[in-house]
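Descriptive structure summary
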Amino acid sequence: MSARLASLRPEDLDPDQRAVYDAIAGGDRAKGVQHFPLAADDGSLNGPFGIVLHAPGVGAVLQELGATIRYRTDLTTRAREIAILLVAQASGSEFEWWAHERVGRAAGLTDEELMQLSMGRFAGPDPTENAVAALSVVLLTSATVTDEEYAAAGAVLTERQIVEVTTLVGYYRLLAQLMTVFDIRVPGGEQDPPPAHRHAH
């Protein structure tokens, strides 16, 4: 998965690392249908999860934040995945797109919607999803949020949802950045080039 970072198998872990591993492999992410594998055949964790084991103090907090964003917000699964896929597209993150395209499809995202997202945009019939997408794009493409952009988000989303979308975009941007630094690849190399590289912005 990475030529820059050793994969840590369960038997390689110290107690702090093992606690993070167990929280990820045995937590909410491991329940129900798995749309992408959390772990490789040797038990080492895939994607950003394998990275954070190398810094378990940071990893413990990041995995808990990630679980909160994934499972304890006021956003629908579709809205959440729309935002995550926009982050994956903007950052050119192969792993993030590979993993969350699968989750998005399971949540009902269509080929046409995924094509839109692969070009960094989204427009559909649901005003909340559109507002989530629009705010995500602003956060990903601009250093500021104007009064007009904030008002447009606030006309549809609650303050809680605005906080959640902003945190979600920042969190998945961080994961994408970690995977860039450590050159994390998709398991088996089955992904096309990152969506940001397939389409002009």
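Read on for a plain summary of the structure. (Residues numbered from 1 in each chain as written. Predicted model: local features only at pLDDT ≥ 70, side-chain atom pairs only at ≥ 80, totals over all residues. Heavy atoms only, no water.)

Regarding the overall build of the chain
Within the chain one finds 10 helices and 0 strands. Start at the N end of the chain and walk to the C end: the helices and strands fall as α-α-α-α-α-α-α-α-α-α. Contacts in the chain between residues at least 24 apart in sequence constitute 74% of all its contacts with a sequence separation of at least 6. Within the structure as shown, the chain displays about 9,700 Å² of accessible surface, and the carbon and sulfur contribution to it stands at 54%. (Helix = DSSP H or I, 4+ residues; strand = E, 2+ residues; numbered from the N terminus. Contact = heavy atoms within 4.5 Å. Areas by Shrake-Rupley, 256 points an atom, 1.4 Å probe, with all protein chains shown as cover.)

What about the packing of aromatic side chains?
Enumeration over the complete set of coordinates arrives at 2 aromatic pairs. When the centroid spacing of 5.0 Å and the interplanar angle of 90° are considered together, the rings of Y171 and Y172 count as edge-to-face. What makes Y171 buried here is its relative accessible area of 5%. Assessed through its relative accessible area of 4%, Y172 is described here as buried. (Phe/Tyr/Trp six-rings, centres within 6.5 Å; stacked < 30°, edge-to-face > 60°. Buried < 20%, exposed > 50% of the residue type's maximum accessible area, 1.4 Å probe, protein only.)

Side note on the environment of I82
Relative to the helices and strands, I82 is located in helix α4 (residues 77-91). With 31 residues separating them in the primary sequence, I82 and E113 have C-alpha atoms 9.0 Å apart. Excluding anything up to four places from it in sequence, I82 contacts L109, L117, F122, E129 and A133.

Focus: the packing of α4 against helix α9 (residues 159-181)
Running from N to C, α4 and α9 cross one another at 40°; their axes reach a closest spacing of 9 Å. Considering their axes alone, α4 and α9 lie oblique with respect to each other. Crossing of α4 over α9 shows right-handed handedness. Counting all contacts with α4, which are made through R80, A83, I84, V87 and S91, the residues of α9 involved are L168, V169, Y172, R173 and A176. Among the residues making up the contact of α4 with α9, the classes are represented as 7 nonpolar, 1 polar and 2 charged. (Axes fitted to C-alpha atoms, helices over the stretch in contact; angles between N-to-C directions. Parallel < 35°, antiparallel > 145°, perpendicular 65-115°, else oblique. Left-handed = near helix turned anticlockwise from the far one by under 90°. Nonpolar A, V, L, I, M, F, W, Y, C, P; charged D, E, K, R; others polar.)

Observations concerning the side chain of H100
Relative to the helices and strands, H100 resides in helix α5 (residues 94-106). With residues up to four places along the chain from it excluded, the contact list for H100 reads R70, E81, I84, L85 and Y172.

A closer look at empty space enclosed by the protein
Here the structure, examined in full by the defined rule, presents 2 cavities of 30 Å³ or more. Together, P48, F49, V52, L62, Q63, Y171 and L175 line the second largest cavity. For the lining of the second largest cavity, the element with the highest residue contribution is helix α2 (residues 47-52), accounting for 3 residues. Partitioned by chemical class, the residues of the lining of the second largest cavity number 6 nonpolar, 1 polar and no charged. (1 Å grid on protein atoms, 1.4 Å probe; cavity = no way out; pocket = protein on both sides within 12 Å on 5 of 7 lines; lining within 4 Å. Points joined across faces, edges and corners; volume = space filled by probe spheres on them.)

Regarding the nonpolar core
Residues L117, L168 and Y172 are the most contacted members of the largest nonpolar core, which totals 52 residues. Secondary-structure elements contributing two or more residues to this core are α1 (15-25), α2, α3 (56-71), α4, α5, α6 (111-118), α7 (127-141) and α9. In terms of residue count, the dominant contributor to this core is α9 (9 residues). Apart from the residues within four sequence positions on either side, L117 is in contact with I82, L85, L86, Q89, W97, L109 and F122. (Core = buried A, V, L, I, M, F, W, Y, C linked by side-chain atoms within 4.5 Å.)

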